[in-house]
Amino acid sequence: MTVWDDLVGQDRVREQLAAAAKDADALVTAVSDGKPLEQGSKMTHAWLFTGPPGSGRSTAARAFAAALQCTSPDRALGGEPGCGFCDGCHTSLIGTHADVQVIRTDLLSIGVKETRDLVRRAQLSPAVGRWQVIVMEDADRLTEGAGNVLLKAVEEPAPRTVWMLCAPSLEDVLPTIRSRCRHLTLGTPSVEAVADVLIRRDGVDPERAHSAARATQGHIGRARRLATDERARARRAAVLKVPLRIADVGGCLKAAQELIDTATDDAKQMAEEVDVKETEDLKAALGGVAGGRMPRGTAGAMKELEDKQKRRKTRTQRDSLDLALTELTGFYRDVLALQLGSRIAIANVDVQDSLDRIAESSTPAQTLRRIEAVIACRRAMDRNVAPLLAVEAMTMSLRAG
């Protein structure tokens, strides 16, 4: 099993990264042996991975990081880096390699302070590996100030440092940063490819794996959750009932409230799992005694943690709502396909009866307006409109058609 095996349906990207890893290995070997560097190397110091959600951007970046740190003896015999078994590959993939830093945020943005810490780390030479690798999974969440801080590091990198940035599209990254990165675009994997990886790697029942892959239209992470989490399946089933529950104003308002309540419950569940442990760990680190008062001068640190937890809760709620809106969009996309007699595969075959009812009782123009209403709701929440108001406006628009 190589480091590339989890990169689903991205053969072209895999070939490019494997070639770059091979050139990077040759480059490090040449420097170590005092030999001149070859021209035309496929390796560079900054990479930008873009693609739709679920395409495997961060998976590709982590696999590339592992290949750069590969210490397999087969490399000396002409084998490609990225064996998946050596210490360098293994520790990079599980997140314990000293020279591979993976940055992911559960907050709404990545600020200047966190980025400066990364830039300082990027200036260090590798401690045990062949490269110092920084993987930023949410580069699209950099604030403008943080992006400007990062720009300097990408412009003038340390000799053995590699930046890997992940974002949905080129437009989500500052032009000055993306112009200094080598760009790789990932596509949405096929339903068959996603189902195969669920069966092979996660041991999911084939029928359930294909159902989850089809329902999520190739989104690997959502498909895995849908196939393995009963709560996720129940939440999706409730969302797909919304189009049939908005026959009157009361139904619209009730459906909107339930969507908000579900998202709030998701955020609360995560808080219960994470916040208590974080708080107790920080208290212990600051010298607090269980059940006693905290030492002087620690109030600021505790307040900073509370603010972080509050921002994370907001992000979790919005992500949960966004997932529900994505599923509604998929529902109306299937309705439109039925109305137009399209040959494209229906994603939500498990609610075929509901699709047929909505398709027969409305027109394609109404369906398009409903899809636009869902998109408008997502945009409103991006502009910090109160979630309940945005969702209520959406359900009313869905009713009106």
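Please read these numbers as outputs of a predicted model, since none were measured by experiment.

Conventions used here
- Residues numbered from 1 in each chain as written.
- Predicted model: local features only at pLDDT ≥ 70, side-chain atom pairs only at ≥ 80, totals over all residues.
- Heavy atoms only, no water.
- Pairing = 2+ DSSP bridges.
- Helix = DSSP H or I, 4+ residues; strand = E, 2+ residues; numbered from the N terminus.
- Axes fitted to C-alpha atoms, helices over the stretch in contact; angles between N-to-C directions.
- Contact = heavy atoms within 4.5 Å.
- Salt bridge = Lys/Arg side-chain N within 4 Å of Asp/Glu carboxyl O.
- Buried < 20%, exposed > 50% of the residue type's maximum accessible area, 1.4 Å probe, protein only.
- Expected span 1.5 Å × (residues − 1).
- Right-handed = clockwise from strand over helix to strand, strands pointing away.
- Core = buried A, V, L, I, M, F, W, Y, C linked by side-chain atoms within 4.5 Å.
- 1 Å grid on protein atoms, 1.4 Å probe; cavity = no way out; pocket = protein on both sides within 12 Å on 5 of 7 lines; lining within 4 Å.
- Points joined across faces, edges and corners; volume = space filled by probe spheres on them.
- Nonpolar A, V, L, I, M, F, W, Y, C, P; charged D, E, K, R; others polar.

Details of the sheet that holds strand β3 (residues 132-136)
Thinking step 1. What the 5 strands build is an open sheet, ordered β2-β3-β4-β1-β5; its pairing is parallel. The sheet is open, and its two edges are formed by β2 (100-103) and β5 (182-185), each paired on a single side. Sheet twist, expressed as the mean angle between neighbouring strand axes with direction ignored, is 15 degrees.
Thinking step 2. In this sheet, strand β4 (residues 161-167) lies alongside strand β1 (residues 46-50) in parallel orientation, the contact comprising 5 bridges. Following the sheet pairing, threonine 50 is matched in β4 by alanine 167.
Thinking step 3. Together, β1, β2, β3 and β4 form the strand contacts of helix α2 (residues 57-68), whose direction differs from that of β4 by roughly 165 degrees.

A short note on the pattern of salt bridges
Thinking step 1. Under the criterion given, the structure shown has 18 salt bridges.
Thinking step 2. The shortest N-O distance in the salt bridge between glutamate 156 and lysine 152 comes to 3.4 Å.
Thinking step 3. Note on lysine 152: relative accessible area 48%, which makes it partly exposed.
Thinking step 4. The salt bridge partner of arginine 236 is aspartate 350, with a shortest N-O separation of 2.8 Å. In this pair, arginine 236 sits in helix α10 (residues 230-239) while aspartate 350 sits in the loop between α12 (299-340) and α13 (352-360), placing the two residues 114 residues apart along the sequence.
Thinking step 5. One salt-bridge network, in which partners are shared between bridges, spans Asp6, Arg201, Asp202 and Arg224.

A short note on α2
Thinking step 1. Taking 1.5 Å per residue as the helical rise, α2 with its 12 residues ought to reach 16 Å, and the 17 Å between its terminal C-alpha atoms agrees with that figure.
Thinking step 2. With 9 of 12 residues buried, α2 lies mostly within the body of the structure.
Thinking step 3. Burial in α2 covers these residues: Arg57, Ala60, Ala61, Ala63, Phe64, Ala65, Ala66, Ala67 and Leu68.

Comments concerning the pairing of β3
Thinking step 1. The buried fraction of β3 is high, at 5 of 5 residues.
Thinking step 2. Every second residue of β3 is oriented toward a common face, with Gln132, Ile134 and Met136 on one face and Val133 and Val135 on the other, all of them buried.
Thinking step 3. Both β2 and β3 contribute to a ladder of 4 bridges, which runs parallel. Note on β3: the bridge partner recorded for valine 102 is valine 135.
Thinking step 4. Taken together, the 5 bridges between β3 and β4 define a ladder with parallel strand orientation. Across the sheet, the residue bridging to methionine 136 is leucine 165, located in β4.
Thinking step 5. Each parallel crossover has a hand, and for β3 linked through helix α5 (residues 144-155) to β4 it is right-handed.

Topic: the nonpolar core
Across soluble globular proteins, nonpolar side chains have a tendency to be buried as a group.
Thinking step 1. In this structure, Trp4, Leu17, Trp47, Phe49, Phe64, Leu68 and Met164 are the most contacted members of the largest nonpolar core, which totals 34 residues.
Thinking step 2. Only α1 (11-33), β1, α2, β3 and β4 provide two or more residues apiece to this core.
Thinking step 3. In terms of residues, this core owes the most to one element, α2, which gives 8 residues.
Thinking step 4. If you look at the next biggest cluster of nonpolar residues, it comprises 33 residues, including Ala256, Ile358, Met381 and Met394.

What to know about empty space enclosed by the protein
If a probe the size of a water molecule is rolled over the atoms, the empty space left behind becomes visible.
Thinking step 1. Within the structure shown, the criterion is met by 2 cavities of 30 Å³ or more.
Thinking step 2. Every residue lining the largest cavity is listed: Thr216, Arg222, Arg225, Leu226, Ala232, Arg235, Arg236, Leu323 and Glu327.
Thinking step 3. For the lining of the largest cavity, the secondary-structure elements that each account for two or more residues are α9 (220-228), α10 and α12.
Thinking step 4. Its residues placed into classes, the lining of the largest cavity shows 3 nonpolar, 1 polar and 5 charged.
Thinking step 5. Every residue along the wall of the second largest cavity is listed here: Arg235, Val239, Leu259, Thr262, Ala263, Ser320, Leu321 and Ala324.
Thinking step 6. Mapped onto the lining of the second largest cavity, the elements with two or more residues apiece are α10, α11 (249-285) and α12.

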